[in-house]
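# Secondary and tertiary structure notes
Listed below, chain by chain, are the residues.
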Amino acid sequence: MINTSGLLLSMVAGRSETAAYSGERTSSVNRVFTSKTALIKTSDRAVGVRKSIDLLGINPVKGRQVLLKPNFNTADAYPGSTHNDTLINLIKQLKEMGAKAVTIGERSGPPATAKVMKEKGVSEICREHGVKLIDFEDLPEDQWVKVKPEKSHWNDGFYVARPVLDAECVVSTCCLKTHGYGGVFTMSLKLSVGVVHKRNMSELHSSFRSMRKMIAEINQVYSPSLIVLDAIEAFVDGGPMQGERKRADVIVAGTDRIAVDAVGLAILKDLGSNEAVMGKKIFEQEQISRAVELGLGVGRPEDIEIVTGDDASRKYAEKLKGILLQG
């Protein structure tokens with residue numbers, strides 16, 4: 001166990017390095033930049049994954065060991081968990097992009113991770129596609145790193161799976177859904193709860209007033225190089241395991257968790273969601289606003305650039321941009 005206590009532990013190429021960390025980065029509100037987010041209107045996951053990543057015009061995985069973080073909180077049918085077709089097509093795309101190796105890493109809950117992986121058939125997918133698998137729940141104690149950022153809503157910090165901090169490159173894939181237990185929504189920011197030890201979950205789940213801010217604060221410990229949001233279907237109420245479904249037929253990709261989640265919230269607003277989503281402006285949602293305060297990404301809807309590759313996607317992106325600007 002390493003208690004950073006006001007420091008952020010940086011894991012680089014298998015070495016531990018401690019970097020000064022105040023727990024509060026410069027807010028992105030004070031930085032001017034544009035976050036490129038790709039959008040494809042499709043019901044074909046193979047097409048959506050490939051084209052959305054291509055539109056970003058980047059290749060952060062080439063020659064690198066990639067840790068792939070899915071949404072396997074439970075084994076409930078998509079969008080309760082990552083669709084296996086999305087996972088498989090993303091693995092294929094990462095390998096085509098030249099990833100040196102791909103490892104899936106996850107901690108489920110409340111069900112045991114091993115049970116969820118078995119029900120999802122993840123081991124079979126890994127064998128078929130030459131991918132490694134890490135069950136964070138099986139990690140020994142020395143593979144959990146205590147992080148205690150200053151100015152955090154966590155009482156005494158939280159434990160993060162060391163493979164996440166060690167990773168040369170993290171790629172995450174999330175679903176589009178509401179969260180009926182206090183999170184309001186669960187996309188790329190909320191996905192990071194799965195890198196934290198189960199022992200910290202009782203504090204998170206009992207901290208209703210601070211839960212959304214605590215979710216955002218977890219995201220300080222690592223930065224994904226690529227995010228793919230499968231929004232072909234969504235839970236517009238209920239969630240995260242089961243809920244009211246609507247189709248959006250969209251795949252979104254980006255590198256900025258705030259931008260990806262903001263676009264996802266715009267999709268929920270377009271579909272028609274619950275009061276917690278519809279009744280508050282996107283950048284006033286606590287997960288988003290706290291992430292902005294921490295400088296984790298774009299600070300204004302005006303600075304989100306939605307790139308597309310066809311007319312149907314362009315028209316829908318224009319509609320979403322209007323929702324983003326309106327809030």
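Residues numbered from 1 in each chain as written. Predicted model: local features only at pLDDT ≥ 70, side-chain atom pairs only at ≥ 80, totals over all residues. Heavy atoms only, no water.

## Let's talk about the overall build of the protein chain
- Helices and strands together make up the secondary structure of the protein chain, namely twelve helices and 14 strands.
- Out of the 327 residues in the protein chain, the part that is buried amounts to 59%.
- For the protein chain, the proportion of contacts with a sequence separation of at least 24, taken over those separated by at least 6, is 74%. (Helix = DSSP H or I, 4+ residues; strand = E, 2+ residues; numbered from the N terminus. Buried < 20%, exposed > 50% of the residue type's maximum accessible area, 1.4 Å probe, protein only. Contact = heavy atoms within 4.5 Å.)

## Re the environment of Arg64
- Take Arg64: it is sitting in the loop between α1 (45-56) and β4 (65-69).
- Taking the C-alpha atoms as reference, Arg64 lies 8.0 Å from Gly98; in sequence the two are 34 residues apart.
- Discounting chain neighbours no more than four positions away, the residues touching Arg64 are Ala99, Lys100, Ala101, Glu168, Cys169 and Ser225.
- Of the polar contacts made by the side chain of Arg64, one reaches the backbone oxygen of Pro60; its length is 2.9 Å. (Polar contact = N/O pair within 3.5 Å; in protein donor to acceptor, adjacent residues only side chain to side chain.)

## A few points about the pattern of salt bridges
- Inspection of the entire model under this criterion finds 18 salt bridges.
- For Glu119, the salt bridge identified is with Lys115, shortest N-O distance 2.5 Å. Within this pair, Glu119 and its partner Lys115 are both found in helix α3 (residues 113-120), separated by four residues, close to a single helical turn.
- Notably, a salt bridge pairs Arg212 with Glu286, separated by 3.0 Å at the nearest N-O pair. Note that Arg212 is positioned in helix α8 (residues 211-218) and Glu286 in helix α11 (residues 286-293), a separation of 74 residues in sequence.
- Residues joined in a network through salt bridges with shared partners are Asp311, Arg314, Lys315 and Glu318. (Salt bridge = Lys/Arg side-chain N within 4 Å of Asp/Glu carboxyl O.)

## A short note on the environment of Asp270
- Structurally, the position occupied by Asp270 is in helix α9 (residues 257-271).
- Here Asp270 falls in the partly exposed class, since its relative accessible area comes to 23%.
- The residues touching Asp270, leaving out its near neighbours within four places in the chain, are Tyr316, Lys319, Leu320 and Ile323.
- Polar contacts involving the side chain of Asp270 include one to the side chain of Tyr316, which spans 3.0 Å.

## Observations concerning the confidence of the model for the protein chain
- Averaged over the protein chain, the pLDDT score is 91; the fraction of residues at 70 or greater is 90%.
- Overall, residues 1-32 carries pLDDT values under 50, and its contacts beyond four positions in sequence, including any with other chains, amount to 76 contacts. (pLDDT = per-residue confidence, 0-100.)

## Quick notes on the packing of aromatic side chains
- Tallied over the entire structure, the rule returns one aromatic pair.
- Sitting above the plane of the Phe208 ring, Arg212 keeps its charged end 4.9 Å from the centroid.
- Above the plane of the ring of Tyr222 lies Arg257, whose end atom (NZ or CZ) is 5.4 Å from the centre. (Phe/Tyr/Trp six-rings, centres within 6.5 Å; stacked < 30°, edge-to-face > 60°. Lys NZ or Arg CZ within 6 Å of the ring centre and 35° of its normal.)

## Quick look at the packing of α9 against helix α12 (residues 311-326)
- α12 packs onto α9 with a crossing angle of 95° between their chain directions and a minimal axis gap of 9 Å. By the angle class used here, α9 and α12 are roughly perpendicular. Only Tyr316, Lys319, Leu320, Ile323 and Leu324 of α12 make contact with α9, whose side of the interface consists of Ala262, Val263, Ala266, Ile267, Lys269 and Asp270. (Axes fitted to C-alpha atoms, helices over the stretch in contact; angles between N-to-C directions. Parallel < 35°, antiparallel > 145°, perpendicular 65-115°, else oblique.)

## With respect to α9
- In this model, α9 (15 residues) spans 21 Å end to end at C-alpha, consistent with the 21 Å of a helix rising 1.5 Å per residue.
- Burial runs high along α9: 14 of the 15 residues are buried.
- Where α9 begins, the side chain of Asp256 points an oxygen toward the backbone nitrogen of Ile258, at a separation of 2.9 Å. (Expected span 1.5 Å × (residues − 1).)

## Regarding the pairing of strand β13 (residues 250-254)
- For β13, the tally of buried residues reaches five of five residues, placing the bulk of the element in the interior.
- Of the two faces of β13, the one carrying Val250, Val252 and Gly254 and the one carrying Ile251 and Ala253 are both buried.
- The pairing of strand β3 (residues 35-41) with β13 spans five bridges and is classified as antiparallel. Note on β13: the bridge partner recorded for Lys41 is Val250.
- When strand β11 (residues 226-238) meets β13, the two strands line up antiparallel, connected through four bridges. Note that in β13 the partner of Asp230 across the bridge is Ile251. (Pairing = 2+ DSSP bridges.)

## Here's the deal with unusual backbone geometry
- For the peptide bond that leads from Tyr78 to Pro79, omega is 5°, which places it in the cis range.
- Within the secondary structure, Pro79 sits in the loop between β4 and α2 (84-96).
- The omega torsion across Gly109 and Pro110 is 5°, close enough to zero to call that bond cis.
- One non-glycine residue with positive phi stands out, namely Val184, at about 75°.
- In this fold, Val184 is placed in strand β10 (residues 184-186).
- Its identity is not glycine, yet Asp249 carries a phi of approximately 55°, on the positive side.
- Here Asp249 is to be found in the loop between β12 (243-247) and β13.

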